[in-house]
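# Descriptive structure summary
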Amino acid sequence: MRNILILGGTTEASALAAALAERGDRALLSYAGRTERPRAQPVPVRIGGFGGADGLADFLRRERITHLVDATHPFAATISANAAAAARETGVRHILLTRPAWAPAEGDRWTSVPDLAAAVGALAGPPRRVMLALGRMHVEAFAAQPQHHYLLRFVGAPEVPPALPRHTLVVDRGPFTVEGDLHLMREQATDLLLCKNAGGSGAEAKLIAARTLGLPVMLIDRPRMPAARIVHDVGAVLGWLDHSADLGV
């Protein structure tokens, strides 16, 4: 009998868990522990890390996992690398479910940078009003460019205020709409949007709003993905599960 471990924290992981529960497949959804107020799921849930690739490999053996689905965020590079390594060590079948990256459309004014450090460096220069749509984990790095006014949007109020001398903090939870983001950017006189190329439709509203307003966008490229079979929708994962042959990379 299949015993499926889903590494989650994304809408794709939740959609897969729902599909597996509907089919009656045995599955466990794992959160790394950084997900705030995770939604209720139709399959059992565990929260917390595994202790690196070795710890995950031990878990796969101990729990007799037959299939490992990495449905983590496209920027969760360490977790994805550990998942690939653990699958190789144990022989557990492994697939990566990730949303496609965003691609520019007509009217977009995009600039790509390879990583967070490059994004910080690219902000050298005169003061600007920057919408920093990166999540709270990466905000502190931008204290190195204190001349800007940063617009931050967090799911919850932080216990310690961000270490940015000029900022506006909005506490709100998505999904966000194009109309809402247009209003926010106009109200805050935003002149640059900075975000990760996370892909998917759930966080795309800010990009459409920036396009509508003619604002430049700085996108941080995705980290390199591990060698794995990569799919972009739940149906492809279900098809993979239903095949007994190794579909390869």
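To keep things clear, this report deals only with the structure shown in the data block.

Let us look at the packing of helix α2 (residues 52–62) against helix α3 (residues 77–90). Axis separation between α2 and α3 bottoms out at 8 Å; the angle between their running directions is 50 degrees. Overall, the two elements α2 and α3 adopt an arrangement that is oblique. The interaxial crossing formed by α2 with α3 has right-handed handedness. For the pair α2 and α3, contact is made by Gly-52, Ala-53, Asp-54, Leu-56, Ala-57, Leu-60 and Arg-61 and by Asn-82, Ala-83, Ala-85, Ala-86, Ala-87, Glu-89 and Thr-90, respectively. Class assignment for the residues of the contact of α2 with α3 results in 8 nonpolar, 3 polar and 3 charged.

With that settled, the discussion passes to the nonpolar core. In this structure, Ile-6, Leu-16, Leu-20, Val-69, Leu-97 and Val-237 are the most contacted members of the largest nonpolar core, which totals 21 residues. Every element with two or more residues in this core is listed here: β1 (3–7), α1 (11–23), β2 (26–31), β5 (93–97) and α7 (234–241). With residues up to four places along the chain from it excluded, the contact list for Ile-6 reads Ala-13, Leu-16, Ala-17, Leu-20, Ala-27, Leu-28, Leu-29, Ser-30, Val-69 and Ala-71. Grouped together as the second largest cluster of nonpolar side chains are 18 residues, Val-130, Leu-132, Leu-134 and Leu-194 included.

Even without glycine at this site, Arg-64 takes up a positive phi of about 55 degrees. Taking relative accessible area as the criterion, Arg-64 reaches 68% and is therefore assigned exposed. We note that Ala-189 has phi near 55 degrees; this positive angle belongs to a residue other than glycine. Within the fold, Ala-189 resides in the loop between α5 (178–187) and β10 (192–196).

What counts as what
Residues numbered from 1 in each chain as written. Predicted model: local features only at pLDDT ≥ 70, side-chain atom pairs only at ≥ 80, totals over all residues. Heavy atoms only, no water. Axes fitted to C-alpha atoms, helices over the stretch in contact; angles between N-to-C directions. Helix = DSSP H or I, 4+ residues; strand = E, 2+ residues; numbered from the N terminus. Parallel < 35°, antiparallel > 145°, perpendicular 65-115°, else oblique. Left-handed = near helix turned anticlockwise from the far one by under 90°. Contact = heavy atoms within 4.5 Å. Nonpolar A, V, L, I, M, F, W, Y, C, P; charged D, E, K, R; others polar. Core = buried A, V, L, I, M, F, W, Y, C linked by side-chain atoms within 4.5 Å. Buried < 20%, exposed > 50% of the residue type's maximum accessible area, 1.4 Å probe, protein only.

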